[in-house]
Amino acid sequence: MELKSNHSSPVLTDPTPLNKSRLGIHSNLLSYPQSGGSLSSGKYITIPRKKPGKLDDVRSNGWLDAMKSSSPPRKKLIKDINIEVAAADDIDIAYCSWMIKYPSALKSFDQISKNAKNKKIAVFLDYDGTLSPIVDDPDRAFMSDSMRSAVRNVAKYFPTAIISGRSRDKVYELVGLTELYYAGSHGMDIMSPVSHTGSNGHTNCIRSTDQQGKEVNLFQPAREFIPMIDEVFKTLVENTKDIKGAKVENHKFCASVHYRNVEEKNWPTIAQCVHDILKDYPRLRLTHGRKVLEIRPVIDWNKGKAVQFLLESLGLSDRDDVLPIYIGDDKTDEDAFKVLREGNRGYGILVSPVPKESKAFYSLRDPSEVEYVDAQEFWLSTELDAVSALSEIVPDTVIFDDFEKFPPTAATVSSSLLLGILSLPDTIFRNAVDMALADSTCSALDNHELRLSCFVNKALVNVGGDLAKLVPGRVSTEVDARLAYDTHGIIRRVHDLLKLYNDVNVPPERLLFKIPSTWQGIEASRLLESEGIQTHLTFVYSFAQAAAAAQAGASVIQIFVGRLRDWARNHSGDPEIDAAIQRGEDPGLALVTKAYNYIHKYGHKSKLMAAAVRNKQDLFSLLGVDYIIAPLKVLQSLKESVTAPDEKYSYVRRLSPQSAASYNFTAEELVKFDQLSLASSMGPASVELLAAGLDGYVNQAKRVEELFDKIWPPPNV
Ligand SMILES: O=P(O)(O)OC[C@H]1O[C@H](O[C@H]2O[C@H](CO)[C@@H](O)[C@H](O)[C@H]2O)[C@H](O)[C@@H](O)[C@@H]1O
């Protein structure tokens, strides 16, 4: 994301000539004679009161209507003025037909959750009118305890930010939840996590600490306007002091002039007053809120930009697997709705008790409906839904026997899968293998070994091609483990497989190549990735392998959690494992956590996959990691459990870019790994487990060849 503002010259967003009011006030008003009043910066500007009668053209130009319609009538008011039942019914009919265009988010759960499947949700909430009801006194716009706990609940599962027109400090004081991100002054004051995805480098981004002393980024694109806003605020206070009910707020980067409690006959006066001040500050502009005139810098920044900035800071921008949801009630929230709608990225939800045009997708009537949406019951129907919101859960199945129940999002094609297919004559993949064995190019090869290898490659690709039609994600193809110590052999094999995939029309972006994490495998990954070929490094059992794989730029790094735990049960003497046990940690979970933190802290592009997850608790402990391969019995149990999260199974995101930022690595861990340092850093556990993994793969590859040898030539060849 490119931020257009810079410190010295904010970019004008609105080409309206500066001598025209954005209030919609007729130009005659702009040239209203000034009598006195200093314009010099640093002094208050005193605007003389206008004489009654001078404002007729303002009325005829409709700006008063804009002010009147700036806040929908509250239900209570409708009742209070004893509106006739028929009229009330009309309002409901109008609302119902409006809801065809903006369906209630409450009734659209199925659709929202369908689109949220396998995506990370990020929640953005406006404050006034969304989390707190609109009240007459802005200082008394409190959030209820139940709303607070609903928001707390949402933040447990999804990154959640408040984006308010109020000052950041004020909105934090009102919300009081430390687990949220806050953007005040319509997004001109953002406190975001320290990230490694780019936002830190923006102009106007400075390091600071939050209320808990944690390091954060402060993004304040309108910093230079602080003295000007302060000056304008003081002038506004002074000049509106005699207008009964007027209230001026200083939000540091913008100011608000409330007219909710001002008698309607005095609205022209208050607008005139604001307008006259603005005339002297061409670098400030006016926007309308709910019975409030808001004065803000003319910079290309708004709540929509703030959403983009926060997504970027959270490492969630430009990703197809992220679904931002923004809930807001005001005109200023439209900028955020627009960003989500135009980028086709997520959903805006407009809070409004009356029909109004919006860029939002869904609607909610009032804050009480927002509270319901924020409550856990809305979001979570099963434990599987809950955990899927935090990590992509990949079913661990060789034969896809439960395709219907647990549709896989990605797949691996391997010797083990070929063995499974050969043992099940009725499987849908059998034809792919039979076709491979009938391949004339392979059959024509005289060399027995080459012919078998050709059949195996062909079978892997045929099955991989079928899988690519069935899964939305990538298909990972295992590279013969007998090449594990031969960098160029691996690269040649991958090129051969890619050519075959090209023949069956599977593009490289749908593919991964699964390579063992020997030094030679890691080197092959590095070279292949530099060609744009995606690799999946497996058999990672030590931090050194994980770090070297990340440094190589591997697309996916796979760690086997349970296998490390099993090793630790029966052995000792591995320094990395002993250290984890001493800290009271499970060695497998500890390795995934450390590798995740390393990848995120140092900005590597690799995604981390946790495999050999044995039970629910393992899965809960790793929430936030990119992929978790879970056995079907664990998936079944998650799917059957509709209990709300409790103390025992709390769906807290355990791994996140934010926590990664504060993880400390030793100097030895931060080396650039080479063959020697990798070998000397791998303890006995990783050496043994890597060797055992390779043995397993090699045996399976040999068994496939033996079986192919027995079957070939098939009867019809
Ligand atoms: O972006 P928001 O969080 O919605 O803030 C927008 C403005 O909200 C506040 O004013 C509005 O709510 C008040 C309390 O309910 C109400 O009295 C006022 O009429 C509304 O406009 C806040 O006081 C403003 O400063 C914010 O800009």
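Residues numbered from 1 in each chain as written. Predicted model: local features only at pLDDT ≥ 70, side-chain atom pairs only at ≥ 80, totals over all residues. Heavy atoms only, no water.

**Examining the overall build of the protein chain**
Each helix and strand in the protein chain was counted, giving 30 helices and 21 strands. Within the protein chain, the proportion of its 717 residues that are buried is 57%. Pairs at least 24 residues apart make up 68% of the contacts formed inside the protein chain by residues separated by at least 6 positions. For the protein chain, the accessible area works out to roughly 30700 Å², and carbon and sulfur atoms hold 52% of it. (Helix = DSSP H or I, 4+ residues; strand = E, 2+ residues; numbered from the N terminus. Buried < 20%, exposed > 50% of the residue type's maximum accessible area, 1.4 Å probe, protein only. Contact = heavy atoms within 4.5 Å. Areas by Shrake-Rupley, 256 points an atom, 1.4 Å probe, with all protein chains shown as cover.)

**A closer look at the environment of Phe-309**
Turning to its location among the elements, Phe-309 is positioned in helix α11 (residues 303-313). Residue classification places Phe-309 among the buried positions, given a relative accessible area of 0%. Once the C-alpha coordinates of Phe-309 and Gly-187 are considered, the two residues, 122 residues apart in sequence, prove to be 9.3 Å apart.

**Some details on the pairing of strand β19 (residues 556-560)**
Burial analysis of β19 places 5 of its 5 residues in the buried class, the great majority of the element. The alternating pattern of β19 places Val-556, Gln-558 and Phe-560 on one face and Ile-557 and Ile-559 on the opposite face, and all of these are buried. In terms of strand pairing, strand β18 (residues 535-540) meets β19 through 3 bridges, oriented parallel. Each residue of the ladder has a partner; that of Val-540, found in β19, is Ile-559. With helix α22 (residues 543-552) bridging β18 and the parallel β19, this β-α-β connection has right-handed handedness. Bridging between β19 and strand β20 (residues 607-611) involves 5 bridges; their strand directions are parallel. (Pairing = 2+ DSSP bridges. Right-handed = clockwise from strand over helix to strand, strands pointing away.)

**Focus on the nonpolar core**
Membership of the largest hydrophobic core comes to 150 residues, with the highest contact counts inside it found for Leu-418, Val-463, Leu-619 and Phe-708. Counting 57 residues, the second largest nonpolar core, distinct from the first, contains Ala-122, Ile-163, Leu-236 and Ala-360. (Core = buried A, V, L, I, M, F, W, Y, C linked by side-chain atoms within 4.5 Å.)

**Observations regarding the state of the cysteines**
Going through the model one piece at a time under the given rule, you end up with 1 disulfide. Covalent S-S linkage joins Cys-442 and Cys-454, the inter-sulfur distance amounting to 2.0 Å. Judged by the sign of its S-S torsion, about -70°, the bond between Cys-442 and Cys-454 is left-handed. In this pair, Cys-442 sits in helix α18 (residues 440-443) while Cys-454 sits in helix α19 (residues 448-470), placing the two residues 12 residues apart along the sequence. You'll find Cys-442 and Cys-454 in the same group, each marked buried. (Disulfide = S-S within 2.5 Å.)

**So, the confidence of the model for the protein chain**
With 83% of its residues at a pLDDT of 70 or more, the protein chain has an overall mean of 84. Ignoring residues within four places in sequence, the model shows residues 1-58, a span with pLDDT below 50, making 104 contacts including any to other chains. Here residues 644-649 scores under 50 on pLDDT; set against residues more than four positions off or in separate chains, the count is 10 contacts. Scored by ipTM, the complex comes to 0.97, with pTM at 0.53. (pLDDT = per-residue confidence, 0-100.)

**Notes on the packing of aromatic side chains**
All chains considered together, the criterion is met by 21 aromatic pairs. Between Trp-301 and Phe-309 the ring centres are 6.3 Å apart and the planes differ by 75°, which places this aromatic pair in the edge-to-face class. An angle of 55° between the planes, with centres 5.5 Å apart, marks the rings of Tyr-598 and Tyr-602 as tilted. Judged by its relative accessible area of 4%, Tyr-598 is buried. Classification of Tyr-602 by relative accessible area gives partly exposed; the value is 35%. One aromatic cluster in this structure is built from Phe-543, Tyr-598, Tyr-602, Tyr-663 and Phe-665. Sitting over the ring of Phe-560, Arg-563 keeps its end group 4.0 Å from the ring centre. Just above the ring of Phe-543 sits the side chain of Lys-594; from NZ or CZ to the centre is 4.8 Å. (Phe/Tyr/Trp six-rings, centres within 6.5 Å; stacked < 30°, edge-to-face > 60°. Lys NZ or Arg CZ within 6 Å of the ring centre and 35° of its normal.)

**Structural notes on the sheet that holds β18**
The strands that make up a sheet are held in pairs by hydrogen bonds between backbone atoms, and each pair lies either parallel or antiparallel. Within the open sheet, the 8 strands sit side by side as β14-β21-β20-β19-β18-β17-β16-β15. Their pairing is parallel. Every interior strand has two partners, whereas the edge strands, β14 (392-396) and β15 (411-413), have only one. On average, adjacent strands in this sheet sit at an angle of 25° to one another, irrespective of strand direction. Here helix α20 (residues 487-503) sits on the sheet and contacts β15, β16 (475-478) and β17 (511-516); the angle it forms with β17, its principal contact strand, is near 155°. Lying over the sheet, helix α21 (residues 519-530) contacts β17 and β18, oriented at roughly 165° with respect to β18. (Axes fitted to C-alpha atoms, helices over the stretch in contact; angles between N-to-C directions.)

**Things to note about the site of the ligand**
The ligand sits among 21 residues. The nearest are Val-135, Glu-249, Arg-260, Arg-290 and Glu-294. Val-135 is positioned such that a nitrogen or oxygen atom in its backbone is 2.5 Å from an oxygen atom of the ligand. In the model, an oxygen atom of the ligand is placed 2.6 Å from a nitrogen or oxygen of the Lys-303 side chain. Given that more than half its atoms are within 2 Å of the pocket grid, the ligand belongs to the largest cavity. For the shell around the ligand, a count of residues per class yields 7 nonpolar, 5 polar and 9 charged. (Near = heavy atom within 4 Å. Polar contact = N/O pair within 3.5 Å; in protein donor to acceptor, adjacent residues only side chain to side chain. 1 Å grid on protein atoms, 1.4 Å probe; cavity = no way out; pocket = protein on both sides within 12 Å on 5 of 7 lines; lining within 4 Å. Sits in = over half its atoms within 2 Å of the grid points. Nonpolar A, V, L, I, M, F, W, Y, C, P; charged D, E, K, R; others polar.)

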